[in-house]
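Here are the chains, one letter per residue:
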Amino acid sequence: MNFSNKLISWYQLNKRDLPWRHTLDPYYIWLSEIILQQTRVNQGLPYYERFVETFPNVEKLAAAPQEEVLKLWQGLGYYSRARNLHAAAMQVVENGGKFPDSYADLLKLKGIGDYTAAAIASFAFNESVAVVDGNVYRVLSRIYGIATPINSTSGIKEFKKLAQKLIDPDHPAAHNQAIMEFGALQCVPKNPDCDICPFHQDCLAFKDNRIEELPVKIKKTKVLNLFHHYLVTITPSGKTVLQERPQSGIWAGLYEFPFVEASGALLPVELTTAREFKDVYNGVRFRESVYNQQPIIHKLSHRKIHAYFWIIHIETEVDDAINVEDARSKPLHILMERFMTQFWPQRA
Ligand code: SF4
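What counts, and at which threshold
Residues numbered from 1 in each chain as written. Predicted model: local features only at pLDDT ≥ 70, side-chain atom pairs only at ≥ 80, totals over all residues. Heavy atoms only, no water. Helix = DSSP H or I, 4+ residues; strand = E, 2+ residues; numbered from the N terminus. Buried < 20%, exposed > 50% of the residue type's maximum accessible area, 1.4 Å probe, protein only. Contact = heavy atoms within 4.5 Å. Areas by Shrake-Rupley, 256 points an atom, 1.4 Å probe, with all protein chains shown as cover. Lys, Arg positive; Asp, Glu negative; His and termini not counted. Charge placed at Lys NZ, Arg CZ, Asp CG, Glu CD. Salt bridge = Lys/Arg side-chain N within 4 Å of Asp/Glu carboxyl O. Pairing = 2+ DSSP bridges. Axes fitted to C-alpha atoms, helices over the stretch in contact; angles between N-to-C directions. Parallel < 35°, antiparallel > 145°, perpendicular 65-115°, else oblique. Nonpolar A, V, L, I, M, F, W, Y, C, P; charged D, E, K, R; others polar.

For the overall build of the protein chain, give the residues involved together with the corresponding values.
Secondary structure summary: the protein chain contains 16 helices and seven strands in total. Reported as C-alpha extents along the three principal axes, the dimensions of the protein chain are approximately 75 × 50 × 40 Å. Expressed as a percentage of the 348 residues in the protein chain, the buried residues total 47%. Residue pairs in contact within the protein chain that sit at least 24 positions apart in sequence constitute 67% of those at least 6 positions apart. Just so you have it, the protein chain exposes about 17800 Å², and 51% of that area is on carbon and sulfur atoms. Looking at charge distribution, the protein chain has the averaged site of its 39 positive side-chain charges lying 5 Å from that of its 38 negative ones.

Kindly report on the environment of Leu267, identifying the contributing residues and their values.
Residue position: Leu267 is located in the loop between β4 (259–262) and α13 (268–272). Linking Leu267 and Asn14, residues 253 residues apart in sequence, is a C-alpha distance of 57 Å.

So what's going on with the pattern of salt bridges? Which residues, and what values?
The tally for this structure, following the rule as stated, stands at 11 salt bridges. The salt bridge involving Arg275 is made with Asp279; its shortest N-O contact spans 3.7 Å. Placement of both Arg275 and Asp279 in helix α14 (residues 275–281) is noted, with a separation of four residues, approximately one turn of the helix. Across the pair, Asp279 and Arg275 agree in class, each one exposed. The partner of Arg285 in a salt bridge is Glu315, with the nearest N and O atoms 2.9 Å apart. Linking Arg285 in the loop between α14 and β5 (286–290) with Glu315 in the loop between β7 (303–314) and α15 (324–329), this pair joins segments that are 30 residues apart in sequence. The class for Arg285 is exposed, based on a relative accessible area of 60%. A single network of salt bridges, built from pairs that share partners, joins Arg16, Arg21 and Glu181.

Which residues make up the pairing of β7, and what values go with them?
Summarising burial for β7: nine of the 12 residues are buried, a large majority. Where strand β1 (residues 224–234) meets β7, 11 bridges bridge the pair, whose relative direction is parallel. Residue pairing across strands places Val232 opposite Ile311, the latter belonging to β7. For β5 and β7, the ladder comprises five bridges, and the chain directions are antiparallel. Along β7, the bridge assignment pairs Val290 with Trp310. Note: strand β6 (residues 296–299) against β7, four bridges, orientation antiparallel. Looking at the pairing, Ile296 lines up with Ala307 of β7. As consecutive antiparallel partners, β6 and β7 are separated by three residues.

Which residues make up the packing of helix α9 (residues 134–143) against helix α10 (residues 153–166), and what are the values?
Viewed as axis vectors pointing N to C, α9 and α10 meet at an angle of 85°, and their least axial separation amounts to 11 Å. The orientation of α9 with respect to α10, classified from their angle, is roughly perpendicular. Contacts from Tyr137, Leu140 and Ser141 of α9 reach α10 at Ile156, Phe159, Leu162, Ala163 and Leu166. Looking at the contact of α9 with α10 residue by residue, the classes come out as seven nonpolar, one polar and no charged.

The values reported here are purely geometric and, on their own, carry no functional implication.
Here's what the structure looks like:
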């Protein structure tokens, strides 16, 4: 039995029953793929269901305000994916509403890269183009004993070429689904159960006891520590103030409290004399206290944010203040969301 037949036989016995596997509609497949790039299946499922329910077709998604799309995406992180999803839906509608039906045309949509185009083209249109995601890298590097780093230019080329060579041109959808599912369920990152694996006779990593070593990944650059001191304004009537982030860069277009950036923890006097603090509270009387002595930590690929939240009671109302419930309904980034859950839980 060849590689693909073995894989597809395994898949037919072991695959999970997931809603996007019951459709050939490229719109639904696309939604599921974009969501699953952010999270695992279990966490992604409710997001997928909410997106499908709120935006049952690409026209509905394209017509929605960006804020609504970001709000629905909230909690998945990496919001540029949600913005691209929205922009691509608008592209589809501008081009007559028909979803592109080939790998080459799918690549023209915003936010659709090699992996997503291959997934949609094969799952929806049975085009014989191999998907290569983290699961595929792991499976191929182990079975074929390949130590080329998967995040190097040569590695990306080598794995793509091998994946394309292995795909069954008569069953590309099943083959691609199968290899991804096999990586997700059987050839898992830590301690795969090789004894029950259909490839254990062929797998070089298993044979040479190199499972833990493969796949190889080049280490990333040093992480930068950032210290954000968020200013949680409370007006006399209990309102607060949010600001929208710029339209580019991290968390673009999402809302947050104004903040002071520093090189570490701050004493109250250091906070209140910082330039950004004075910009916000120029001439306003206030009293301050810190909400969290221990910062909330959020790790990004090259940055680690240490977030402190300060409560600033001001003595006069300000024009741009909003109710806490309105603040909560804005698209917030992950740190804001964690603050809300921890310190401002919603009333039942
Ligand atoms: S034998 Fe083990 S390492 Fe090799 S493919 Fe199977 S599960 Fe993965």
